[in-house]
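One letter stands for each residue in the lines below.
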Amino acid sequence: MFFKLNRRSYLTIGGILIALIIILWALPFIFKKYAINNSKELIGRQIDLGKLKYNYFTSTAKAFDFKMYELDEKGLFVSFDTLIINIEPLRLLFGEKNLEQFYVEGLEVNLALKDSTFNFDDLFTFHSNPEDSLPEEEQEFKYHLSNLELKNANFYFDNKNVNTVTQIENFSFFIPEIVWDQTEKSGADLEFALNNGGFFKSSLNINPNDGEFDANIQINELNLKAFYAYVNQYAEINDFDGKLKSTLNIHGNVNYPIKSLVSGNVKINDLKMVDKSDREFFKAKEISTDLRNIDYANSSFKLGTIALTQPYIYFELDSTTNNFYQIFKLEEELEDGIENEISTATTDTSASGALYYQIDKLKVDKGIMDYSDNLTGEPFNYHLNEIAIDSDTIKSD
């Protein structure tokens, strides 16, 4: 039996379709307006958004010119130029989160630390559960994540305690696929240049089933002068400079990161440290070492060869102290250590976790030392050169 639609029925159906199309077309605008006007209540910060688009046929959402402001709404906390998210919502019915694309371009993140407060602490407080609230029941989900890409991102960390800004610019990575039941590890390669000099590159492989991972990190020509302000917190110095080159291999489990094992090598070229009187007290043409096995969880540090090429040391000794103790503020630590030793003299010292270290070989080539002895009140100065050391194994036991 067939129903014949009259002209009025066609107009009604057509009107409904047109209204539906208008609603679907207007939804992104409505959502954008609502999100901006209620962002403080929704996520704890004021935001702004240039455009929001949604393709109902491909389930693809696109956001442009996003801005999240600082708590005082004066500066920018996070912003990006383009965000693309492509999902398969029907897979949620089968308990699977399927993300076909996640793409962010032009991300900029501004982090800041003052005293012990970060500029994102309020967000943690906002999104944390109240102490008296019941924890939500976790629902197990399968997942399939594809085409995860971050392009041309910039990160800035302003440490106001030492008046230093650390920058990571043009940071990009691409992860082709991560799935819940895969039998092989997923890989992620990262590389970026630091604004103050240096290049960082890493390769990470992780198994989402058991959390096992291995990572390779390469640092090349990292300018140590950028870390002067941090070193100056622990040493009375006017300058700290050099170039760091390192390759690190890390094996572990994301569920127990402290048990990770580290190996690799570290090399520093043209290291220089200058004291408050603008005198170089330590420098070296090259310092290199092989990290055989660093096991922090078990306090075990095994090094291969430590080699110092053309090192220079200025050492000044008087009746009560020496310049190294003064520069690195070791006198205060020594006094604290003596007090702690006295207060704990009667305690059990057989606890596990004793420090173990091993150095296979220590080599010094063409070393120079200026030694000033002030023990008698009248300085005696000594100059030693062509110092050479070639020692065998040095270890703690």
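Check the entry above for the structure.
Since the structure is predicted, the reported quantities are computational estimates derived from the model, not experimental observations. (Residues numbered from 1 in each chain as written. Predicted model: local features only at pLDDT ≥ 70, side-chain atom pairs only at ≥ 80, totals over all residues. Heavy atoms only, no water.)

**Q** Would you mind going over the overall build of the chain with me for this structure?
**A** Looking only at helices and strands, the chain features six helices and 18 strands. In the chain, the proportion of contacts linking residues at least 24 apart, taken out of those at least 6 apart, comes to 54%. Summed over all atoms, the accessible surface of the chain reaches about 26,400 Å², with 56% contributed by carbon and sulfur. (Helix = DSSP H or I, 4+ residues; strand = E, 2+ residues; numbered from the N terminus. Contact = heavy atoms within 4.5 Å. Areas by Shrake-Rupley, 256 points an atom, 1.4 Å probe, with all protein chains shown as cover.)

**Q** How do you make sense of the layout of surface pockets when you look at a structure like this?
**A** Rolled over the atoms, a probe as big as a water molecule pinpoints where empty space is left. Here the largest pocket is characterised by a volume of approximately 570 Å³. In terms of lining residues, the largest pocket is bounded by 22 residues, among which F31, L49, L52, A63 and L83 are the most central. Looking at the lining of the largest pocket, the elements that each hand over two or more residues are α1 (7–37), α2 (39–43), β1 (47–55), β2 (60–69) and β3 (76–87). The element contributing the most residues to the lining of the largest pocket is β1, with five residues. Per-class residue counts for the lining of the largest pocket are 19 nonpolar, one polar and two charged. A volume near 170 Å³ is recorded for the second largest pocket. The wall of the second largest pocket is formed by R45, E70, L71, D72, A112, L113, K114, T117, F118, N119, D122 and K160. (1 Å grid on protein atoms, 1.4 Å probe; cavity = no way out; pocket = protein on both sides within 12 Å on 5 of 7 lines; lining within 4 Å. Points joined across faces, edges and corners; volume = space filled by probe spheres on them. Nonpolar A, V, L, I, M, F, W, Y, C, P; charged D, E, K, R; others polar.)

**Q** Help me out: how do you make sense of the nonpolar core in this one?
**A** As a rule of thumb, soluble globular proteins bury nonpolar side chains together. M68, F80, L107, I237, L271 and F281 are the most contacted members of the largest nonpolar core, which totals 50 residues. Discounting chain neighbours no more than four positions away, the residues touching M68 are I43, R45, Q46, I47, L76, F77, V78 and L123. (Core = buried A, V, L, I, M, F, W, Y, C linked by side-chain atoms within 4.5 Å. Buried < 20%, exposed > 50% of the residue type's maximum accessible area, 1.4 Å probe, protein only.)

**Q** Explain unusual backbone geometry to me, please; I cannot follow it from the model alone.
**A** What you tend to see is this: most non-glycine residues have negative phi, and most peptide bonds are trans. Even without being a glycine, D65 presents a positive backbone phi close to 55°. Tracing the sequence through the fold places D65 in strand β2. The residue E386 is not glycine, and still its phi comes out positive at about 50°. Positionally, E386 belongs in strand β17 (residues 380–391). Classification of E386 by relative accessible area gives exposed; the value is 57%.

**Q** Is there a simple way to explain the pairing of strand β15 (residues 300–317) in this structure?
**A** Regular strands place their side chains on alternate faces of the sheet. By the bridge criterion, eleven bridges tie strand β14 (residues 280–295) to β15 in an arrangement that is antiparallel. Looking across to β15, one finds that S288 is bridged to A307. Between β14 and β15, which pair antiparallel one after the other, the connecting turn spans four residues, and S299 there sits at a positive phi close to 55°. (Pairing = 2+ DSSP bridges.)

**Q** Could you clarify how one ought to interpret the environment of N163 in this entry?
**A** In this structure, N163 sits in the loop between β7 (142–159) and β8 (164–179). Separated by 50 residues in the primary sequence, N163 and L113 have C-alpha atoms spaced 9.9 Å apart.

**Q** Help me understand the side chain of T60, please; the structure alone is not making it clear to me.
**A** Mapped onto the secondary structure, T60 falls in strand β2. Residue T60 is classed as buried on the basis of its relative accessible area, which comes to 12%.

**Q** When you look at a nonpolar patch on the surface in this model, what are you seeing that I'm missing?
**A** Residues L20, I23, L24, L27, I30, Y54 and Y56 make up a contiguous nonpolar surface patch of about 610 Å² in total accessible area. With five residues, α1 is the largest single contributor of residues to the nonpolar patch. Within the element layout of this structure, L20 appears in helix α1. (Patch = residues over 30% accessible without salt bridge, like charges linked within 9 Å, V, L, I, M, F, W, Y side chains within 5 Å. Salt bridge = Lys/Arg side-chain N within 4 Å of Asp/Glu carboxyl O.)

**Q** Could you clarify how one ought to interpret the packing of aromatic side chains in this entry?
**A** Two aromatic rings are characterised by how far apart their centres lie and by the angle between their planes. The full count for this structure, using the stated rule, is 13 aromatic pairs. Taken together, F281, F315, F324, F328, Y371 and Y382 form an aromatic cluster joined through their ring pairs. Taking the ring centre of Y256 as reference, the NZ or CZ of K259 above it sits at 5.3 Å. If you follow K283 out to its NZ or CZ, it ends over the ring of Y312, 5.7 Å from the centre. (Phe/Tyr/Trp six-rings, centres within 6.5 Å; stacked < 30°, edge-to-face > 60°. Lys NZ or Arg CZ within 6 Å of the ring centre and 35° of its normal.)

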